[in-house]
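Next come the chains, spelled out residue by residue.
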Amino acid sequence: MHMLRSLSASAVWILAGVLPCCAAHAADPLKVALIEPYSGPFASTGTTALRAFQDEFERLNALGGALGRNLVVVPFDSKSSAQEATLQMQAAVDQGIRFIIHGSGSNVGHAISDFVAKYNGRNPDKPLLYLNHGALDPALTEEKCHFWHFRFVAHGHMIMNAVIDALARQKDVKRVYLINQDYAWGQSVAKDARQMLALRRPDIEIVGEDLHPIGKVKDFAPYAAKIRASGADAVVTGNWANDLSLLVRALDESGLRIRIHAPIAALNGTAASMGASGAGRVHSVLFWHANAGESPVLTRALAFRARYGEDWNWYPNHIVPQMLVKAIEQARSTDVLPVALALESMRYESPTGDVWMRPEDHQLAMPLFESVFAKQGEPGVPHEAEGSGFGWKTERRLEARDNVPPVVCRIKRPE
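For the structure given in this document, a descriptive report is provided here.

**Comments concerning the overall build of the protein chain**
Alright, step 1. Counting its secondary structure elements, the protein chain contains 12 helices and 15 strands.
Alright, step 2. Whereas a compact globule of 415 residues would reach a radius of gyration of roughly 22 Å, the protein chain reaches 21 Å, a difference of no more than 12%.
Alright, step 3. Along the first, second and third principal axes, the C-alpha atoms of the protein chain reach 60 × 45 × 40 Å.
Alright, step 4. Among the 415 residues that make up the protein chain, the fraction classed as buried is 62%.
Alright, step 5. Sequence-distant contacts in the protein chain: of pairs separated by 6 or more residues, those separated by 24 or more amount to 73%.
Alright, step 6. As presented, the protein chain carries roughly 15700 Å² of accessible surface, and 53% of it is formed by carbon and sulfur atoms.

Following this line, the structure appears as structure tokens:
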């Protein structure tokens, strides 16, 4: 089914399955573009993000919004394409939208970041702000960092630091196979795995490596056969959504019961699709999960499940709206420049612990949870994920202060 390039604000509530609320603040709303895939192989990721942001902003609107204005999410369909995302950016600009949220796909993230940097260079009087909640390629806050981009999630090097630390502790692992999607994020995962394993476990042999088209492989059995033939003890993969669940199932069907270290395995749809095939085998690094402990965010996640019939687990969907509204209130303005300046060095006492934005490169520091997919009812797994009968269990918590990467890029601020 084809979707319009940009959807009206009313379509937000149709897609999100809710009706507009908080009429007291309905006048003069502040529009925020959400550029995600709402069609194609990763459509479920986009529509879940839309519901999550709509739900979070609805809560904030009920508390008064930002300077008394409602925040309204307007969706634009990237179709997981960098080229399409560029068209969607122009459509958002044409609607007068200045705040851009995006997370699905570093290829799209690079396109949006480049668009924003070039546009702002040509239009310094009406700049755009890119709020990145999920594009993980480290380059976005390293060699390609710029003032108008903020990343509200740990980047690839930070996540892979935790992944390889967990793998390196497994003394029985001697042979590792790397399989990743062939784009910026997957390539970064493969590079980090090679470099970090060489430093921490030089005795581990990389016995095979594959890069495959993103979102296009329907049968991973041939890859599973290669992994089996390699004699690997473990797999490291940056795959996510269908590309991960199909890989896990193919490995299970081939009879391989080896460890799978997948940094972003908790995206919606993966748990239900993996089921028993991932139990005790899939290890991930999560920003939050339902078994991370009692907290207000768990209450929010359970209410989201009751309302929409699906899980909420991508913690940056909570952090971005909270910090954006805080920045607007602190700046006493909805203009992009003062809001961006307010975001720099901002600290937020989140339910999982203190998070903060680093001013040198606009990279967020946050706690991480090394976790394993396990059967509900086991110690540490009171809550299941997506009705699968399985959930995530924390193996180790990594504090934000212990996972701060070196500064590679220093931002040049506008005069």
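**Let's talk about the nonpolar core**
Alright, step 1. Membership of the largest hydrophobic core comes to 102 residues, with the highest contact counts inside it found for L129, M323 and M366.
Alright, step 2. What M366 contacts, discounting residues up to four positions off in sequence, is F152, V153, A154, F287, Y315, I319, V355 and A400.
Alright, step 3. Y177, I260, V282 and F390 belong to the second largest nonpolar core, which has 28 residues in total.

**Concerning the environment of V93**
Alright, step 1. Looking at where V93 falls in the secondary structure, it is placed in helix α3 (residues 82-94).
Alright, step 2. Judged by relative accessible area, V93 falls into the buried class, the value being 10%.
Alright, step 3. A C-alpha to C-alpha distance of 44 Å links V93 and G389, two positions 296 residues apart in sequence.

**Examining the packing of helix α5 (residues 156-168) against helix α6 (residues 184-200)**
Alright, step 1. Where α5 contacts α6, the two axes come as close as 9 Å, and the packing angle between them is 45 degrees. Taken together, the axes of α5 and α6 are oblique relative to one another. Seen from above, α5 lies across α6 with right-handed handedness. The segment α5 lies against α6, with G156, H157, M160, N161, I164, D165, L167 and A168 engaging W185, S188, V189, D192, A193, M196, L197 and R200.
Alright, step 2. Per-class residue counts for the contact of α5 with α6 are 9 nonpolar, 4 polar and 3 charged.

**Brief notes about the sheet that holds strand β9 (residues 259-261)**
Alright, step 1. Pairing in this open sheet of 7 strands is mixed, and the strands run β7-β6-β8-β9-β10-β14-β15 from one edge to the other. Here the strands that pair on one side only, and so sit at the sheet edges, are β7 (205-212) and β15 (390-398). In this sheet, neighbouring strand axes are inclined to one another by 25 degrees on average, regardless of whether the strands run parallel or antiparallel.
Alright, step 2. As paired elements, strand β14 (residues 368-375) and β15 share 8 bridges and run antiparallel to each other. Paired with A374 across the two strands is G391, which belongs to β15.
Alright, step 3. α6 contacts β6 (175-181), β7 and β8 (234-236) of the sheet and is inclined by roughly 160 degrees relative to β6.

**Remarks on the state of the cysteines**
Alright, step 1. The tally for this structure, following the rule as stated, stands at 1 disulfide.
Alright, step 2. C145 shares a disulfide with C409; S-S distance 1.8 Å. Every disulfide takes its handedness from the sign of the S-S torsion; for C145 and C409 that torsion is -60 degrees, giving left-handed. With a gap of 264 residues between them, C145 in the loop between β4 (129-132) and β5 (149-151) and C409 in the segment after β15 connect regions that are remote in the sequence.
Alright, step 3. The exposure class of C145 is buried, given its relative accessible area of 12%.

**Overview of the environment of D172**
Alright, step 1. Looking at the secondary structure, you find D172 in the loop between α5 and β6.
Alright, step 2. Considered as a pair, D172 and D233 are 61 residues apart in the sequence and their alpha carbons are 8.1 Å apart.

**Brief notes about unusual backbone geometry**
Alright, step 1. Positive phi outside glycine occurs at K79, with the angle close to 55 degrees.
Alright, step 2. Judged by its relative accessible area of 37%, K79 falls in the partly exposed class.
Alright, step 3. Positive phi values are uncommon outside glycine, yet R332 reaches one of about 55 degrees.
Alright, step 4. For R332, the location among the structural elements is in the loop between α11 (316-331) and α12 (336-343).
Alright, step 5. Under the relative-accessibility criterion, R332 is labelled exposed at 62%.

**Side note on the pairing of strand β1 (residues 30-36)**
Alright, step 1. Burial of β1 is extensive: 6 of the 7 residues sit out of reach of the surface.
Alright, step 2. Each parallel crossover has a hand, and for β1 linked through helix α2 (residues 43-62) to strand β2 (residues 71-77) it is right-handed.
Alright, step 3. Relative to strand β3 (residues 99-102), β1 runs parallel, the two sharing 4 bridges. By the bridge assignment, L34 is partnered in β3 with I101.

**With respect to helix α4 (residues 106-122)**
Alright, step 1. Helix length check: α4 (17 residues) gives 24 Å between terminal C-alpha atoms against 24 Å at 1.5 Å per residue, within 8%.
Alright, step 2. When α4 is considered as a whole, its buried residues turn out to be S106, V108, G109, H110, A111, I112, S113, F115, V116, Y119 and N120.
Alright, step 3. Buried residues along α4 sit in contact with β1, α3, β3, β4, β5 and α6.

**Digging into the packing of aromatic side chains**
Alright, step 1. Counted according to the given criterion, the structure contains 10 aromatic pairs.
Alright, step 2. The interplanar angle of 90 degrees and the centroid separation of 4.7 Å between the aromatic rings of F147 and W148 together place this pair among those described as edge-to-face.
Alright, step 3. With relative accessibility at 12%, the residue W148 sits in the buried group.
Alright, step 4. Every member of this aromatic cluster is reached through a ring pair, and the members are W288, W312 and Y315.
Alright, step 5. A cation sits over an aromatic face here: K375 above F390, 5.2 Å from the ring centre.

**So, the pairing of β4**
Alright, step 1. A two-sided burial pattern is seen for β4, the buried positions comprising L129 and L131 on one face and Y130 and N132 on the other.
Alright, step 2. Alignment of β3 against β4, held across 4 bridges, turns out to be parallel. Paired with I100 across the strands is Y130, a residue of β4.
Alright, step 3. Running through α4, the crossover from β3 to the neighbouring parallel element β4 is right-handed.

Thresholds, definitions, all that
Residues numbered from 1 in each chain as written. Predicted model: local features only at pLDDT ≥ 70, side-chain atom pairs only at ≥ 80, totals over all residues. Heavy atoms only, no water. Helix = DSSP H or I, 4+ residues; strand = E, 2+ residues; numbered from the N terminus. Rg over C-alpha atoms; globule rule 2.2 N^0.38 Å. Buried < 20%, exposed > 50% of the residue type's maximum accessible area, 1.4 Å probe, protein only. Contact = heavy atoms within 4.5 Å. Areas by Shrake-Rupley, 256 points an atom, 1.4 Å probe, with all protein chains shown as cover. Core = buried A, V, L, I, M, F, W, Y, C linked by side-chain atoms within 4.5 Å. Axes fitted to C-alpha atoms, helices over the stretch in contact; angles between N-to-C directions. Parallel < 35°, antiparallel > 145°, perpendicular 65-115°, else oblique. Left-handed = near helix turned anticlockwise from the far one by under 90°. Nonpolar A, V, L, I, M, F, W, Y, C, P; charged D, E, K, R; others polar. Pairing = 2+ DSSP bridges. Disulfide = S-S within 2.5 Å. Right-handed = clockwise from strand over helix to strand, strands pointing away. Expected span 1.5 Å × (residues − 1). Phe/Tyr/Trp six-rings, centres within 6.5 Å; stacked < 30°, edge-to-face > 60°. Lys NZ or Arg CZ within 6 Å of the ring centre and 35° of its normal.

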